[in-house]
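Descriptive analysis of the structure
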Amino acid sequence: MEIRRTFGNIKRFREISFILAKYGFGFVTKNIKFRKTKTSTTPEQFRKLLEELGPTFVKFGQLLSTQENILPYEFIEELKKLQDDVTPFEFSKVKAIIETEFKKPLNEIFSYFNENVEASASLGQVHKAILVDGQTVAIKVKRPNIEKIIQSDIELLKQIGDYLNSKLKLYFNFEIKPFILEFEETIKKELDYEIEAQYMQTFKENLAQFKNVYVPKVFWEYTSRNVLTMEFIDGFKATNIENIRQAGFDTQKLAIEGAKVFWTQIFDIGLFHADPHPGNIIIMHDGKICYLDYGMVGRVTEDDKLNLVEMILGFIQKDADKILISVSNFTLNANILNNAYLKSDIVELIDIYHSLPLKRIDISKVLRDLFRILKKYNIIISKNSLRLLRAIIIADGVGRQFYPDFNFTEIAKPYFESFAKKLYSPFRILKKILQPNATYAIIANKIPFLFKKAEDVLESGQVKIEIQINELDKLINTIRLVARQIGN
């Protein structure tokens, strides 16, 4: 393993090597010898290792904690404990950064600035302040030199990536390098506060239809790549349900409203908050739900929506082929449609959920069970699809914390129906058929067994134009070839 020889890299590499050896991961940098203080590599040690390695590795661990279809369950649960909470940097640096960014003394921008932090994380920290016009704001300021630190660590990660691949395959059967590249792309966006501010503005416009939902206002005059100034939101964090209940709020109503907001983002807007965990949600004093931290956002295509609907219906209707098709479009693996062992495992899983009405389907459990099967066959879910499925699991979990009898899938039903009616309208189908597309030439090779199903339904003469959620399978089997394979 060859490491680029710069003083900074060598110094950091030696520091990383020592910490790896300390927690029993010395095999990663075997060319440098350090005394091991641990003899095993447990999930807890792995988490502590990442915490000691610093901000870059904490963020990387948080990304790995989302890979429920790859890493063992005990590692996932331990990595979820990673706290993005670090010692704040001194106020003098905060002041210098703000004044440099906006070319003004601090007292000309703010009539009050609290030197104590509201929150401190690996990339930056938040202070409460009051603008000279009287507006109370939250100021997020990026850590000094954090971009250089992260870039240096990422370069080291890349350089040891090949060696890590060979070792981690023995333990977890997955490659680390694609995650390093994804991490680099993701964290670069998080380091640019102007991108987050733009997403906040977009969500504020998109969610304006909901009277019980709020997105903080961005103050663009005092927002830059290194500083984000937004409206200060006061209220109760969703991490403390008991305080919310004691304040007199109806948590069942809040859970249902939050679910409606989520499914609207998926099916109507196509842009969703990809990290809707309780720490990013505040229940305001007037009862509105406020979403914070727009550093992680996902997009949804028409195909993503179709795959999600088909997958859920596949479990309800005991149709393994339907599930296989939707899964194949969520993953990066080719030819899984012909994997008889995978299909057999899915059939067994179907038996658990078959005959349950939609309102009884626990979508989080369905997805976790499916992840377990995919992990068995080393099937990797694509980055965008995993972001969507993970957001569903998180949002469902938040809803259940607020209301134990909460059912995410039942609330999704009208969104499923509305999407299906639009997607399978005869006018849209005809338009797709008349639209020339080279995909026609490869459809037969890609999913040949669908032709027989489509033929059977057509010969029966029972195809209906009116669509209901429990009748979708007939139409889906009939027109899937033109509705999805031709494209949007």
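Structure report, in brief. Bear in mind that the values here come from a model prediction, so they are computed numbers and not experimental data.

**Observations concerning the overall build of the chain**
- Per the secondary structure count, the chain includes 22 helices and ten strands.
- Expressed as a percentage of its 488 residues, the buried residues of the chain come to 54%.
- Residue pairs at least 24 apart in sequence account for 68% of intrachain contacts in the chain once pairs closer than 6 positions are excluded.
- Surface exposure of the chain reaches about 23,200 Å², of which carbon and sulfur atoms provide 52%.

**Digging into the sheet that holds strand β4 (residues 213-214)**
- Read across the sheet, four strands follow the order β4-β9-β8-β6 without closing on themselves; strand pairing throughout is mixed. Each end of this open sheet is capped by a strand with a single partner; those strands are β4 and β6 (235-237).
- Relative to strand β8 (residues 281-284), β6 runs antiparallel, the two sharing three bridges. Counted as the bridge partner of G235 is M284 from β8.

**A look at the side chain of T264**
- On the secondary structure map, T264 appears in helix α12 (residues 251-269).
- Setting aside residues no more than four positions away along its own chain, T264 makes contact with Q209, F210, I269 and Y415.

**Focus: the sheet that holds strand β3 (residues 136-142)**
- Taken in spatial order, the four strands line up as β1-β2-β3-β5 in an open sheet, and their pairing is antiparallel. Pairing within the sheet leaves two strands with one partner each, and these edge strands are β1 (110-120) and β5 (227-231). The sheet shows a mean angle of 25° between the axes of neighbouring strands, taken without regard to direction.
- The sheet contact formed by β1 and strand β2 (residues 124-131) spans six bridges and is antiparallel. Each bridged residue has a counterpart across the sheet, and for V117 the counterpart in β2 is H127.

**Regarding the nonpolar core**
- Core analysis: the largest hydrophobic core is formed by 85 residues, its most contacted members being W263, F267, L389, I392, F402 and F408.
- Among the elements that line this core, the one with the most residues is helix α17 (residues 383-402), at ten residues.
- The next biggest cluster of nonpolar side chains, apart from the first, holds 25 residues, and it includes L49, L63, L64 and I176.

**Topic: helix α3 (residues 55-64)**
- The buried fraction of α3 amounts to eight of the ten residues, a majority that puts the element mostly inside the structure.
- The set of residues buried in α3 consists of T56, F57, V58, K59, F60, G61, L63 and L64.

**A few points about the packing of helix α13 (residues 302-317) against helix α14 (residues 320-330)**
- As a packed pair, α13 and α14 sit with axes 8 Å apart at the nearest point and diverge in direction by 150°. If you check the angle between α13 and α14, you find them roughly antiparallel. The hand of the α13/α14 crossing is left-handed. Each of D304, N307, L308, E310, M311, L313, G314, F315 and Q317 in α13 lies in contact with α14, whose residues at this interface are K322, I323, S326, N329 and F330.
- Counted by class, the contact of α13 with α14 contains six nonpolar, five polar and three charged residues.

Rules used throughout
- Counting restarts for each chain: residues are numbered from 1 in the order of the written sequence.
- Predicted model: local features are reported for residues with pLDDT of at least 70 only, side-chain atom pairs are reported and counted for 80 or more only, and whole-chain, interface and lining totals are derived from all residues.
- As a rule here, side-chain values come from all non-hydrogen atoms in the structure, and water together with hydrogens is ignored.
- Runs of E in the DSSP output that reach at least two residues are strands. Runs of H or I that reach at least four are helices, and both are numbered from the N terminus.
- Think of it in three bands: with a 1.4 Å probe and only protein chains considered, a residue is buried below 20% of the maximum accessible area for its type, exposed above 50%, and partly exposed in between.
- In what follows, residue pairs with any heavy atoms lying within 4.5 Å of each other are defined as contacts.
- With residues, only the protein chains shown are counted as cover, and all accessible areas are computed by Shrake-Rupley using a 1.4 Å probe.
- Any two strands are treated as partners once DSSP identifies two or more bridges connecting them.
- What counts as an axis is a line fitted to C-alpha atoms, over the stretch in contact for a helix, and the angles between N-to-C directions run from 0 to 180 degrees.
- Only buried Ala, Val, Leu, Ile, Met, Phe, Trp, Tyr and Cys residues count toward a nonpolar core, and they belong to the same one when joined by side-chain atoms within 4.5 Å.
- For this classification, under 35 degrees means roughly parallel, over 145 means roughly antiparallel, 65 to 115 means roughly perpendicular, and everything else is oblique.
- By convention the crossing between two helices is left-handed if the near helix lies anticlockwise of the far one by an angle smaller than a right angle, and right-handed if it lies clockwise.
- Here the nonpolar group is Ala, Val, Leu, Ile, Met, Phe, Trp, Tyr, Cys and Pro; Asp, Glu, Lys and Arg are the charged ones; every other residue, Gly included, is treated as polar.

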